[in-house]
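So you can see what is in the structure, the chains are spelled out below.
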Amino acid sequence: MAMTAEPTPVSPAPAAPAAPEVFNNRIFAIKTTSKQERTVADNILKAIETKATDIKVTSIIVPNELQGYVLVETPEQRNRIEQLVEMIAHARAVAKGQTTLAEVGHFLIPKPVVSGIDEGTIVELIAGPFKGEKAVVKRVDSAKEEITVELYESVVPIPITVRGDNVRVVDKVSDR
């Protein structure tokens, strides 16, 4: 009695794990009209949302420290971003070259409002009931972003606690 071997089903070889998706996005700096950075960013977003353009934009960064520029992250080539700039009001040109996330990462970390203000610094109050008055910083609370000051021309030194963004530095300790 001869046995015939039934063919065993051959299972396909296990597929190699898919390569992780590689992000090859570039970051371009778009020059804008002065004080129109936010408008340009809003107009780019509007053009993308309304399908006025097929240009892909991953993110738009408008850092306060970088006036006159909007950073755009995209997988597109430079010439496509130049086409986008032509469509957007107040966008002037694409700066030469491109940058990386490592180079612009510091723009994404907010600085504390009270950075650069130390005890003994002379400040001017720019908001509140004492607006326009000059004061000496007595204490800085970085966690709450508040400073305690004493008014310069006050007869009785009363400590006043104000938010760090309600003062403007007039004279730093190291300047004297």
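Residues numbered from 1 in each chain as written. Predicted model: local features only at pLDDT ≥ 70, side-chain atom pairs only at ≥ 80, totals over all residues. Heavy atoms only, no water.

K.L.:
An account of the pattern of salt bridges is requested, with residue identities and associated values reported.
P.N.:
Summed over the entire model, instances satisfying the criterion amount to 6 salt bridges. Measuring nitrogen to oxygen at the nearest pair gives 3.0 Å for the salt bridge that ties E82 to R78. Residue E82 and its partner R78 are located together in helix α2 (residues 78-87), separated by 4 residues, close to a single helical turn. In this structure, R168 engages E124 in a salt bridge whose closest nitrogen and oxygen atoms are separated by 2.1 Å. With R168 in strand β9 (residues 167-171) and E124 in strand β5 (residues 122-125), this pair connects stretches of sequence that are 44 residues apart. (Salt bridge = Lys/Arg side-chain N within 4 Å of Asp/Glu carboxyl O. Helix = DSSP H or I, 4+ residues; strand = E, 2+ residues; numbered from the N terminus.)

K.L.:
Give a description of α2 that names residues and reports values.
P.N.:
The complete set of buried residues in α2 reads I81, L84 and V85. All buried residues of α2 fall inside an arc of 100 degrees around its axis, so they share one side. On its buried face, α2 is in contact with β1 (26-32), α1 (37-49), β3 (69-74) and β4 (91-94). (Buried < 20%, exposed > 50% of the residue type's maximum accessible area, 1.4 Å probe, protein only. Arc of directions from axis to C-beta. Contact = heavy atoms within 4.5 Å.)

K.L.:
Explain the sheet that holds β1 residue by residue, including any values.
P.N.:
The strand order across the open sheet built from 4 strands is β2-β3-β1-β4, with neighbouring strands paired in antiparallel fashion. A single partner strand is all that each edge strand has here, and the edge strands are β2 (59-61) and β4. Direction aside, neighbouring strands of the sheet carry axes that sit 30 degrees apart on average. Both β2 and β3 contribute to a ladder of 3 bridges, which runs antiparallel. (Pairing = 2+ DSSP bridges. Axes fitted to C-alpha atoms, helices over the stretch in contact; angles between N-to-C directions.)

K.L.:
Tell me about a nonpolar patch on the surface, and please be specific about residues and values.
P.N.:
A surface patch of nonpolar side chains, amounting to about 310 Å² of accessible area, comprises L101, L108 and I109. The exposure class assigned to L108 is partly exposed, which follows from its relative accessible area of 47%. (Patch = residues over 30% accessible without salt bridge, like charges linked within 9 Å, V, L, I, M, F, W, Y side chains within 5 Å. Areas by Shrake-Rupley, 256 points an atom, 1.4 Å probe, with all protein chains shown as cover.)

K.L.:
Explain α1 to me, and be specific about the residues and the numbers.
P.N.:
If you check α1, its first and last C-alpha atoms are 19 Å apart, about what 13 residues at 1.5 Å a residue would give, namely 18 Å. Where α1 is buried, its residues touch β1, β2, β3, α2 and β4. A positive backbone phi angle near 60 degrees is found at K51, which sits one or two residues after α1. (Expected span 1.5 Å × (residues − 1).)

K.L.:
So what's going on with the nonpolar core? Which residues, and what values?
P.N.:
Judged by nonpolar contacts, the single largest core of 16 residues is most densely connected at I30, I44 and I88. For this core, the secondary structure elements donating two or more residues are β1, α1, β3, α2 and β4. When residues in this core are grouped by element, the largest group, 4 residues, is from α1. In contact with I30, not counting residues within four places along its chain, are I44, G68, Y69, V70, V72, I81, V85, A91, A93 and V94. (Core = buried A, V, L, I, M, F, W, Y, C linked by side-chain atoms within 4.5 Å.)

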